[in-house]
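Chain and residue survey
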Amino acid sequence: MARNRTAAASGPDAAHADGPAGLTLVEAVRLALHRAMAEDERVLVFGEDVGADGGVFRATDGLLAQFGAERVRDTPLSEALIAGMAVGAAAAGWRPVAEIQFSGFLYPCIDQLANHAGRLRNRTRGRLACPMVLRAPYGGGVHAPEHHSESIEAMLAHIPGIRVVIPASPARAYGLLLAAIRDPDPVVFLEPKRIYRAFREQVADDGAALPLDRAFLERQGGDATLVAWGAMVRECLGAAEILAKEGIACDVLDLASLTVLDTDSLLASVEKTGRCVVVQEAVRHCGFASEVAACVAERGLLSLRAPVLRVTGYDTVMPLPRLERAFMPEAGRIAAAVREAMSYA
């Protein structure tokens, strides 16, 4: 059975794939999975409750009926087993897409990711690849219980040989997931559940993948660069709206792929604006925002007119629902950091 199913996870979707209102992010994920499975018989989907129940967030709803139990399989409640199955299936020539119900349950998968998935190409000197995708809803914002709101992207990005990809919109989820499934190497695909159903966007089901390892410029401005990924991109856009009323124009850069980091787009924006604020939902200490800040300091120092600033979660576990909003960065806190950066001559 699914663990700690939340109200946000169990609500029905309001629109069809071709509806005029557009798709939510979770619907775009489902659409990409359907497209990939229809185009390539090697694509398999498995995980806890992904079949008959359609996944805890309904991301795999309908796939079992469409593609059958040979390609859509419910697994035992064992994340280590799910990750191991994915590595083995990928090495054997399949393209597995495995679901971990929440990113807080990814820890048992680290052994398979670090010791096998990320090393398989190197270990076999290129004879074997590992074209697997490990999907997981991640981050806070839905009042979930403990272990359901973690943001551990920095830990995953530190593993050599795997990509870490985090979409920030429905269209980006569709295109990036297709790219991840088609990629010959392992990808951890983290889906920010806070925005699973937060807004809708037109998504063309045309099978077009978006490029991995590339950042996307969401908004242009010449005064400061806001860098984020996942749900924090929406908060940065909100901050940019606030600041625009004060005459401060911001670039908003969605990294999308943490590994491999698009340093060219990052440095080009900082060269233009001279100021950089990096926003992450995860705890501050040793977060991926620190990697971004280090990159700017090492390679863009002469462009900077102010220190690189970080807006992050706090160095504690994600609190239970009553304090969750106080933990997570929001547009007002981000705007305050930009004002601080603007205060430097």
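How each quantity is defined
- Residues numbered from 1 in each chain as written.
- Predicted model: local features only at pLDDT ≥ 70, side-chain atom pairs only at ≥ 80, totals over all residues.
- Heavy atoms only, no water.
- Helix = DSSP H or I, 4+ residues; strand = E, 2+ residues; numbered from the N terminus.
- Rg over C-alpha atoms; globule rule 2.2 N^0.38 Å.
- Buried < 20%, exposed > 50% of the residue type's maximum accessible area, 1.4 Å probe, protein only.
- Contact = heavy atoms within 4.5 Å.
- Areas by Shrake-Rupley, 256 points an atom, 1.4 Å probe, with all protein chains shown as cover.
- Lys, Arg positive; Asp, Glu negative; His and termini not counted.
- Charge placed at Lys NZ, Arg CZ, Asp CG, Glu CD.
- Pairing = 2+ DSSP bridges.
- Axes fitted to C-alpha atoms, helices over the stretch in contact; angles between N-to-C directions.
- Core = buried A, V, L, I, M, F, W, Y, C linked by side-chain atoms within 4.5 Å.
- Parallel < 35°, antiparallel > 145°, perpendicular 65-115°, else oblique.
- Nonpolar A, V, L, I, M, F, W, Y, C, P; charged D, E, K, R; others polar.
- Right-handed = clockwise from strand over helix to strand, strands pointing away.
- Left-handed = near helix turned anticlockwise from the far one by under 90°.
- Phe/Tyr/Trp six-rings, centres within 6.5 Å; stacked < 30°, edge-to-face > 60°.
- Lys NZ or Arg CZ within 6 Å of the ring centre and 35° of its normal.

1. Re the overall build of the protein chain
Counting its secondary structure elements, the protein chain contains 13 helices and 12 strands. Taking 2.2 N^0.38 as the reference for a compact globule, 345 residues should give roughly 20 Å; the C-alpha atoms of the protein chain span a radius of gyration of 20 Å, in line with that estimate. Seen through its principal axes, the protein chain has C-alpha atoms that stretch 65 × 50 × 40 Å. A buried classification covers 56% of the 345 residues belonging to the protein chain. For the protein chain, restricting intrachain contacts to residue pairs at least 6 apart in sequence, the fraction spanning at least 24 positions comes to 81%. Total accessible area on the protein chain stands at roughly 14100 Å², and carbon and sulfur atoms take up 53% of it. Counting 36 positive and 42 negative side-chain charges, the protein chain places the centres of these two groups 2 Å from one another.

2. Brief notes about the sheet that holds strand S3 (residues 95–99)
Strand order in the open sheet formed by seven strands is S2-S1-S3-S4-S6-S5-S10, and the pairing between neighbours is mixed. Strands with a single pairing partner mark the edges of an open sheet, and in this sheet they are strand S2 (72–74) and strand S10 (257–259). On average, each strand axis in the sheet is tilted by 20° relative to the strand beside it, whichever way the strands run. Bridging between strand S5 (residues 163–165) and S10 involves two bridges; their strand directions are antiparallel.

3. Some words on the nonpolar core
Core analysis: the biggest nonpolar cluster contains 87 residues, and Leu106, Leu113, Met132, Leu190, Trp229 and Leu255 have the highest contact counts within it. The element contributing the most residues to this core is helix H2 (residues 25–39), with nine residues. Dropping the residues within four chain positions of it, Leu255 is found in contact with Arg214, Ala215, Val227, Ala228, Trp229, Leu261, Phe288 and Val292. Listed in part, the 28 residues of the second largest apolar core include Leu243, Val252, Val311 and Ala341.

4. Examining the packing of helix H4 (residues 79–91) against helix H5 (residues 110–117)
The geometry of a pair of packed helices is captured by two quantities: the angle between their axes and the separation between those axes. Where H4 contacts H5, the two axes come as close as 8 Å, and the packing angle between them is 25°. With respect to their mutual orientation, H4 and H5 come out roughly parallel. Two secondary-structure elements touch here, H4 through Ala80, Ala83, Gly84 and Val87 and H5 through Gln112, His116 and Ala117. Among the residues forming the contact of H4 with H5, the class breakdown is four nonpolar, three polar and no charged.

5. Examining the pairing of strand S12 (residues 309–313)
Most of S12 is tucked away: four of the five residues are buried. With four bridges joining them, strand S11 (residues 276–283) and S12 adopt parallel strand pairing. Paired with Val277 across the strands is Leu309, a residue of S12. The parallel pair S11 and S12 is bridged by helix H11 (residues 288–299), and the resulting crossover is right-handed.

6. Looking at the packing of helix H10 (residues 263–273) against H11
For the pair H10 and H11, interaxial distance at closest approach is 10 Å and the crossing angle is 65°. Relative to H11, H10 is oriented so that their crossing is right-handed. In this structure, H10 uses Thr263, Asp264, Leu266, Leu267 and Val270 to contact H11, whose residues at the interface are Val292, Cys295, Val296 and Arg299. Of the residues assigned to the contact of H10 with H11, the class counts are six nonpolar, one polar and two charged.

7. Observations regarding the sheet that holds strand S8 (residues 224–228)
Within the open sheet, the five strands sit side by side as S7-S9-S8-S11-S12. Their pairing is mixed. Both edges of this open sheet fall to strand S7 (216–219) and S12, since each of them pairs with a single strand only. Going from strand to strand, the sheet's axes swing by 25° on average, the running direction of each strand aside. In the sheet, S7 pairs with strand S9 (residues 250–254) via three bridges, with the strands oriented antiparallel.

8. Examining unusual backbone geometry
With an omega of 15°, the peptide bond between Thr259 and Val260 qualifies as cis. The topology assignment puts Val260 in the loop between S10 and H10. Phi at Arg58 takes a positive value of approximately 70°, unusual for a residue other than glycine. With respect to the helices and strands, Arg58 occurs in the loop between strand S1 (43–47) and helix H3 (63–67). Although it is not a glycine, Cys286 sits at a positive phi angle of roughly 60°. Relative to the helices and strands, Cys286 is located in the loop between S11 and H11.

9. Focus on the packing of aromatic side chains
We describe a pair of aromatic rings using the distance from one ring centre to the other and the angle between the two ring planes. Under the defined criterion, the tally for this structure stands at five aromatic pairs. An angle of 55° between the planes, with centres 5.0 Å apart, marks the rings of Phe57 and Tyr196 as tilted. With Phe57 in the loop between S1 and H3 and Tyr196 in the loop between strand S6 (187–192) and S7, the pair connects residues that are 139 residues apart, well separated along the chain. Tyr196 sits in the buried class, given a relative accessible area of 2%. Relative to Phe288, the ring of Trp229 has its centre 5.7 Å away and its plane inclined at 90°; by these criteria the two rings are edge-to-face. Here the residue Trp229 occupies a position in the loop between S8 and helix H9 (232–244), and Phe288 occupies one in helix H11, the gap between them amounting to 59 residues. For the pair formed by Trp229 and Phe288, the shared burial category is buried. Through a chain of ring-to-ring contacts, the aromatic side chains of Phe57, Phe102, Phe105 and Tyr196 assemble into a single cluster. Taking NZ or CZ as reference, Arg172 lies 4.2 Å from the ring centre of Phe216, over its face.

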